[in-house]
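Chain and residue survey
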Amino acid sequence: METFQSLLAKKLSDALKAADLPDAGELTPASDPRFGDYQINAALVLGKQRGENPRVLAEKIVAHFDAGDLCEPPGVAGPGFINFALRPGAVGEKTMEVLRDERLGVTETESPRRIVIDFGSPNAAKPMHVGHIRSTLLGDALARIAQFLGHEVIRDNHIGDWGTQFGMVIWGWKNLLDRQALQRNPLAEIVRIYKETNHRASNEPGVREACRQELIKLQAGDKENLDIWNECVAFSMQDFERTYKVLDIHYDIQCGESFYHDRLPGVVERLLKGGIAEISEGAVVVFFRDVPELADKPLIIRKRDGGFNYATTDIATIDYRVNDLKADAIWYVVGAPQTLHFKQIFEIGRREGYRADLCHIVFGNVLGEDRKLMKTRSGENVPLRELLEEACRRARKIIDEKNPDLGEDEKNDIAATIGIGAVKYADLLQYRTTDYIFSWDKMLSLHGNTAPYLQNAYVRIRSIFRKAGNPPLKIGRLIFADAAEINLAKRLCQFAEIVPQVLNGFRPNILANYLFELANSFHTFYEACPVLKSEEPARSSRLALCDLTARVLQRGLDLLGIKVPERM
RNA sequence: GCGCCCGUAGCUCAGCCGGAUAGAGCAACGGAUUUCUAAUCCGUAGGUCGGAGGUUCGAAUCCUCCCGGGCGCGCCA
């Protein structure tokens, strides 16, 4: 479906051609409502290129512009902007078109790609904590949006299940394990033995060496150690799954580090043979002498002791995703500290001749309200499950105050929808690279740009339809008697313009912001325009606007991984 | 030392491939409620966009330097 933006862009292109000018500038929403709905700076750009007066050029373009029924004849303003104001009739028709469209006007991409999205990636033998939340939420949202836009998405959980920590876990398992505690809470017991072993290993050289030996045995395929490892990983996965269920996160594949274990020797051999890697000080190293930025940043892919490290694994991972999964693009949703690492890894990918589009999608830290990395009072990472439970608990408390008559089960369901939604929305609302200050009070606030605010707009609409007995929509034509109605309609038409932009720079925050503005426009409409009490044909028209608003809110929030309640 | 990221209203943040008078939310202040859920709406006030130069008709945005904060830089992941 064409958007207003694409329609205007076409007409503008025609006008430029007719005026014997090349395409230039960018058609954007008007920076101020006083300038209309859209604007373009083409005349300014062309004026600069050709050394001509931009206002004269703008007049020339406008003279050739065929507005049709779409908009008023465009005006020239300021230094040479061309402003477009949509005609109400065109807004009405476009809104009806969106109303009839399952996809709410969003067209699928013309160049679908197969995209592997690597996000989440917790470490086995440790519970998930706040440090995993941004990668998980951001990756999931990008996956949902890319999929909706018609890409083939493979969500991959690259679990850290083969690190050196398993030497300690296995030693602890053999020497410290409390079987009963394991049965009660497996992951907690694994964490306990890991911590205790870690503590002892740093004080007792004998324990340290014993752990090293356990790791070597594991990597050599020792049956007993492999069994222990398998059990630990299984317990971890169960724990992750519980959290993923709460968060409504789903993976297509979960190829952790261990999946690549037996491919590592081949990777090193190939890179050595291809001249990409060389031996230096006993280790196998890749140098990037011709890349200024990396010239003094070599990458070790096999340690002097013959062991492999995570760089080797990541190269093997690219191999698999490109050669076996046939990925056109791989998106790594991984924190900013690993920027250098991915530059190195991607450069190796290029040297291997891979054409896939490799992106490191960085994001900032989660900070506490003291502006330092978010930790518990005792200085440990905040377990994700506890954080999510706290969100639901707080949401529940507010529901008890606001709507005490709801049933117990419904209250709990709503609390989960609101609490989890609040956590997700607060995170996604912010541009991903900025550090994010975690604040319960802000995200669950009853006021402002929060998930509950957006959910409330949806709930108000559902309430209207319940009260009206869920009548079938009578789709006649829309009536714009009040400014709030046409403003809402224009906003609804913008959904199709916003969604594709999210992938340009990986910015779910622009979708979150759009949804806030939509909810805001709706609330204004809601205050100004009674729906059920109004006479026909306004009543049907307003019901249609309500219905479409609900659908856009629901779909938009769904693209962010957020659910909506029917009541709250 | 080198490299990357960040510095915008009292607070939290948008805006950053140059464009019109720099926008939200919170907090503050003033209004609106016989409610289709006030978890709402309307309004007021609040800024040398860290600083200094430069490019440009035009700079929060691009370039250089400086200050301040974070992170990363060969055998952890």
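Fair warning: this is a prediction, and the values are worked out from it, not measured in the lab.

Considered as a void within the structure, the second largest pocket measures approximately 860 Å³ in volume. Around the second largest pocket, the lining is made up of 38 residues, and of these P29, D37, Y38, Q494 and E497 lie nearest the centre. Counting residues per element, the ones that place at least two in the lining of the second largest pocket are α1 (4-18), β1 (27-29), α18 (483-502) and α19 (508-528). Across the lining of the second largest pocket, the residue classes break down as 15 nonpolar, 14 polar and nine charged.

Attention now moves to the pattern of salt bridges. Tallied over the full model, the rule gives 49 salt bridges. Across the salt bridge formed by R87 and D69, the nearest N and O atoms sit 3.9 Å from each other. Taken as a pair, R87 in the loop between β4 (81-84) and α4 (88-99) and D69 in the loop between α3 (54-63) and β3 (75-77) lie far apart in primary sequence, 18 residues in all. The class of D69 is exposed, set by a relative accessible area of 63%. The partner of R270 in a salt bridge is E352, and the shortest N-O contact between them spans 2.8 Å. With R270 in helix α11 (residues 264-273) and E352 in the loop between α13 (339-351) and β11 (357-361), this residue pair connects regions lying 82 residues apart in the sequence.

Next up on the list: the protein's contact with RNA strand B. In the vicinity of RNA strand B, 63 residues are found, and the nearest of them are F81, Y310, R460, S463 and K533. Take the atoms of RNA strand B that sit within 4 Å of the protein: sugar and phosphate atoms are 58% of them. One nitrogen or oxygen atom from the side chain of K48 is found 2.7 Å from a base oxygen belonging to RNA strand B. Within the backbone of V531, a nitrogen or oxygen atom sits 3.0 Å from a base nitrogen of RNA strand B. Elements with a contribution of two residues or more to the surface near RNA strand B: α2 (42-50), β4, β8 (283-286), α14 (384-402), α17 (451-467) and α19.

Turning to empty space enclosed by the protein, a few remarks are in order. Tallying each qualifying case throughout the model produces two cavities of 30 Å³ or more. Put simply, the largest cavity is a space of about 60 Å³. Of all the elements in the fold, those that place two or more residues in the lining of the largest cavity are α5 (133-148), α15 (408-429) and α19. A volume near 40 Å³ is recorded for the second largest cavity. Along its surface, the second largest cavity is lined by M1, E2, T3, K94, V98, G105, C493 and A496. Among the elements of the structure, α4 and α18 are those that each provide at least two residues to the lining of the second largest cavity. Taken together, the residues of the lining of the second largest cavity break down into four nonpolar, two polar and two charged.

A separate point is the domain arrangement of chain A. Segmenting chain A into domains produces domain 1 (4-86) and domain 2 (165-247). Each of domain 1 and domain 2 has a C-alpha centre, and these two points are 65 Å apart.

Axis angle and axis distance: for two packed helices, these are the angle between their axes and the distance between the axes, and together they describe the pair. Running from N to C, α17 and helix α20 (residues 538-559) cross one another at 140°; their axes reach a closest spacing of 9 Å. Taken together, the axes of α17 and α20 lie oblique to each other. When the axes of α17 and α20 are compared, the crossing they make is left-handed. Of α20, the residues touching α17 (which contributes L454, A457, Y458, I461, I464 and F465) are L543, C546, D547, T549, A550, L553, Q554 and L557. In terms of residue class, the contact of α17 with α20 is made up of 11 nonpolar, two polar and one charged.

The rules behind the values
- Residues numbered from 1 in each chain as written.
- Chains lettered and ligands numbered in written order.
- Predicted model: local features only at pLDDT ≥ 70, side-chain atom pairs only at ≥ 80, totals over all residues.
- Heavy atoms only, no water.
- 1 Å grid on protein atoms, 1.4 Å probe; cavity = no way out; pocket = protein on both sides within 12 Å on 5 of 7 lines; lining within 4 Å.
- Points joined across faces, edges and corners; volume = space filled by probe spheres on them.
- Helix = DSSP H or I, 4+ residues; strand = E, 2+ residues; numbered from the N terminus.
- Nonpolar A, V, L, I, M, F, W, Y, C, P; charged D, E, K, R; others polar.
- Salt bridge = Lys/Arg side-chain N within 4 Å of Asp/Glu carboxyl O.
- Buried < 20%, exposed > 50% of the residue type's maximum accessible area, 1.4 Å probe, protein only.
- Near = heavy atom within 4 Å.
- Polar contact = N/O pair within 3.5 Å; in protein donor to acceptor, adjacent residues only side chain to side chain.
- Domains from an automatic or database assignment.
- Axes fitted to C-alpha atoms, helices over the stretch in contact; angles between N-to-C directions.
- Parallel < 35°, antiparallel > 145°, perpendicular 65-115°, else oblique.
- Left-handed = near helix turned anticlockwise from the far one by under 90°.
- Contact = heavy atoms within 4.5 Å.

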